[in-house]
Amino acid sequence: MGVTYVTGRAGSGKTEYILREAKAAVHAGKRVLVVTPELMTLSMEQALLADLPVLWNLEVLSPSRLQAKLRQELGGSDAVMLDDAGRAMALRAVWTQLKDGLSYYTSMSGGFLERLVSQIKELRAGELGATGLRLAADSLAEGVTRDKLYDLAAILDGYERFMAGKYMDGEDAADRFCAAAHHSRWLRDAHVFVDGFDVLPLKTCRMFLALCKACKSVTLSFRTDSGFGRDAELFAPVQEGYECLHRMVLQQGLAWTKIDLRPRQKGEPSLDHLERELFARPAVAYAKTPEGLELAALHDGELEAERAAGALEGWMRRDGLSPEEVAVVCQEPQAYAGALERAFARRGLRLYVDDPQGCAFHPAARYLLSALQAVRRGYAQEDMIRCM
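Within each chain, residue numbers correspond to sequence positions counted from 1 in written order. Only residues with pLDDT of at least 70 get local features here, since the model is predicted, and only at 80 or more are side-chain atom pairs given and counted; chain-wide, interface and lining totals rely on the full set of residues. Just so you know, side-chain values use all the structure's heavy atoms and leave hydrogens and water out.

Reading across from one edge, 3-2-6-7-1-8 is the order of the six strands in this open sheet, with parallel pairing throughout. Among the strands making up the open sheet, the edge pair consists of strand 3 (58–61) and strand 8 (255–260). Geometrically, the sheet is characterised by an average inter-axis angle of 15° between neighbouring strands, direction not taken into account. Each of strand 2 (31–35) and strand 3 touches helix 2 (residues 41–49); the most contacted strand, strand 3, lies at about 155° to it. Helix 11 (residues 236–251) rests against strand 1 (2–8), strand 7 (217–223) and strand 8 of the sheet, and its axis sits at about 155° to strand 7. Paired strands, in this sense, are two strands between which DSSP finds at least two bridges. The helix count covers DSSP runs of H or I at least four residues long, the strand count covers runs of E at least two residues long, and both are numbered beginning at the N terminus. Axes here refer to lines fitted to C-alpha atoms; in helices the fit is confined to the stretch in contact. Angles between the N-to-C directions go from 0 to 180 degrees. It only takes one pair of heavy atoms within 4.5 Å for two residues to be counted as in contact.

Next comes the structure, spelled out in structure tokens:
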């Protein structure tokens, strides 16, 4: 049961490392689980499909889907699982019962319910209960902040009493996962790779620790810089999550190793300097005037596309460059493709978007793979949605 941490700044190759090691494990006949945030599951599957013909020996899961898989294997309580809409309904019922005794949260307007759902999720994910909120309020002088904390404590206490025995939310599911993971045969021989989590609340740290104790191996990436440079504050939230999990790993006596990936040089001194110094305090000025580098802060993608098209048109006219000698590089080609095509068309220029996709990304192939995945995983909601 080994734990491997992969740390590094953005662009240092952490996700590439995770993908490479996950693919190597699959090719070696090992069963692999890749755990990412909900919004990253599809892009991670696509990245893995680029080199793997099928995903039979590999699953890409969000934390909620990971919890659901364990419940399917081991069974569980009859409590009804609530999503965010269900939480909102529960909190509305609790607030309606308590509103006459609240000092600050006396009306439900201006998106109050959505913010309350988010706040309660954060409090429970951080394992800060009603008692802790009241103690914090007791230490404050009379005022708005104190009233808010007392009200939140009352609402949180009421919410947990409302949920007890009948319902459960994501935080309850995480607690049950932590308690049951070591009983799972499904996890016992799995090699787990975790990527894409910027912040780790205490509840998530406990869940990842349960994986570390239950699985063959766990590899986790963290976007942080262990060198504690002049821009260390930029990585503080991620670093805190990493240190919290590592303390738990040490307390359990688990074997661990750490791989620290260093930033890759861009090949252009001014760009390398900009990346190093952008958030550093105090920043060090570039020793000479940068050539061929211009920074622009723009409001939206349309303006960015206009600026890029105008710059390229200028270079071609002024420097005699041909269209084959210029390019636009962006992180999400599909998101900018429309804006760039319009900006180039206004200048009489044609744009070719280089975004090749293999046959696995053809709609028919994706439908077939999603349908097979849905059958294999018990017609899970996310798989059925992907089929449609």
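The next thing to look at is helix 10 (residues 202–214). Here a helix's expected span is defined as the number of its residues, less one, multiplied by 1.5 Å. In this model helix 10 runs 19 Å from its N-terminal to its C-terminal C-alpha over 13 residues, within 8% of the 18 Å that 1.5 Å per residue would give. For helix 10, the tally of buried residues reaches 10 of 13 residues, placing the bulk of the element in the interior. Within the span of helix 10, buried status applies to Lys203, Thr204, Cys205, Met207, Phe208, Leu209, Ala210, Leu211, Cys212 and Ala214. Only protein chains enter the accessibility calculation, which uses a 1.4 Å probe; a residue whose area is less than 20% of its type maximum is buried, one above 50% is exposed, and one in between is partly exposed.

Counted as salt bridges are all cases of a side-chain nitrogen of Lys or Arg within 4 Å of a carboxyl oxygen of Asp or Glu. Inspection of the entire model under this criterion finds 26 salt bridges. Residue Arg262 pairs with Asp260 through a salt bridge whose shortest N-O separation is 2.7 Å. When its relative accessible area of 44% is taken as the criterion, Arg262 is described as partly exposed. A salt bridge links Glu306 to Arg347; the nearest nitrogen and oxygen atoms lie 2.9 Å apart. A residue pair is termed long-range when its members are at least 10 positions apart, and Glu306 in helix 13 (residues 301–319) and Arg347 in the loop between helix 14 (333–345) and helix 15 (363–376) qualify at 41 residues. Since its relative accessible area comes to 23%, Glu306 is described here as partly exposed. Taken together, the shared-partner salt bridges in this structure form one network comprising Asp84, Arg87, Lys121, Arg124, Glu160, Asp169, Glu171 and Asp172.

A word on the packing of helix 13 against helix 14. Packed helix pairs are specified by the crossing angle of their axes together with the interaxial distance, meaning the distance between the axes. Where helix 13 contacts helix 14, the axes come no closer than 8 Å and their chain directions differ by 45°. When the axis of helix 13 is compared with that of helix 14, the two are oblique. The hand of the helix 13/helix 14 crossing is right-handed. In this structure, helix 13 uses Gly301, Glu302, Glu304, Ala305, Glu306, Ala309 and Leu312 to contact helix 14, whose residues at the interface are Tyr336, Ala339, Leu340, Arg342, Ala343 and Phe344. Roughly parallel means an angle under 35 degrees; roughly antiparallel means over 145; roughly perpendicular covers 65 to 115; every other angle is labelled oblique. Crossing handedness is read from the near helix: turned anticlockwise from the far helix by less than a right angle, it gives a left-handed crossing, and turned clockwise, a right-handed one.

Attention now moves to the packing of aromatic side chains. Stacked, tilted and edge-to-face pairs are distinguished by plane angle, under 30 degrees for stacked and over 60 for edge-to-face with tilted covering the rest, among Phe, Tyr and Trp rings (Trp via its six-membered ring) whose centres lie within 6.5 Å. Applying the stated criterion across every chain, the model contains nine aromatic pairs. With a centroid separation of 6.4 Å and an interplanar angle of 55°, the aromatic rings of Trp95 and Phe112 are classed as tilted. With a gap of 17 residues between them, Trp95 in helix 4 (residues 84–98) and Phe112 in helix 5 (residues 112–125) connect regions that are remote in the sequence. Neither residue differs from the other here; Trp95 and Phe112 are each classed as buried.

A few words on unusual backbone geometry. Cis rather than trans, the peptide bond between Arg281 and Pro282 has omega equal to -5°. Within the secondary structure, Pro282 is located in the loop between helix 12 (269–277) and helix 13. Unlike most non-glycine residues, Glu127 shows phi in positive territory, near 55°. Along the chain, Glu127 turns up in the loop between helix 5 and helix 6 (130–138).

For the rest of this paragraph, the subject is the pairing of strand 2. Of all five residues that make up strand 2, five are buried, and the element is covered over most of its length. Alternating residues of strand 2 divide into Arg31, Leu33 and Val35 and Val32 and Val34, and every residue in both groups is buried. Direction of pairing for strand 2 relative to strand 6 (residues 190–194): parallel, over a ladder of five bridges. The residue of strand 6 that forms the bridge with Leu33 is Val192. Where strand 2 lies against strand 3, four bridges are found, and the strand directions are parallel. Note that in strand 3 the partner of Val32 across the bridge is Leu58.

All right, on to the side chain of Gln67 then. By the element assignment, Gln67 lies in helix 3 (residues 63–74). Those residues within four positions of Gln67 in sequence are excluded, and the remaining contacts are Gly170, Ala173, Ala174, Phe177 and Met207.

Our next topic: the packing of helix 4 against helix 7 (residues 144–163). The contact between helix 4 and helix 7 brings their axes to 9 Å, and the two run at 120°. It follows from the interaxial angle that helix 4 and helix 7 lie oblique. Helix-helix and strand crossings are classified by hand; for helix 4 and helix 7 the assignment is right-handed. Contacts between helix 4 and helix 7 involve Arg87, Ala90, Leu91, Ala93, Val94, Trp95 and Leu98 from the former and Ala154, Ile155, Gly158, Tyr159 and Phe162 from the latter.

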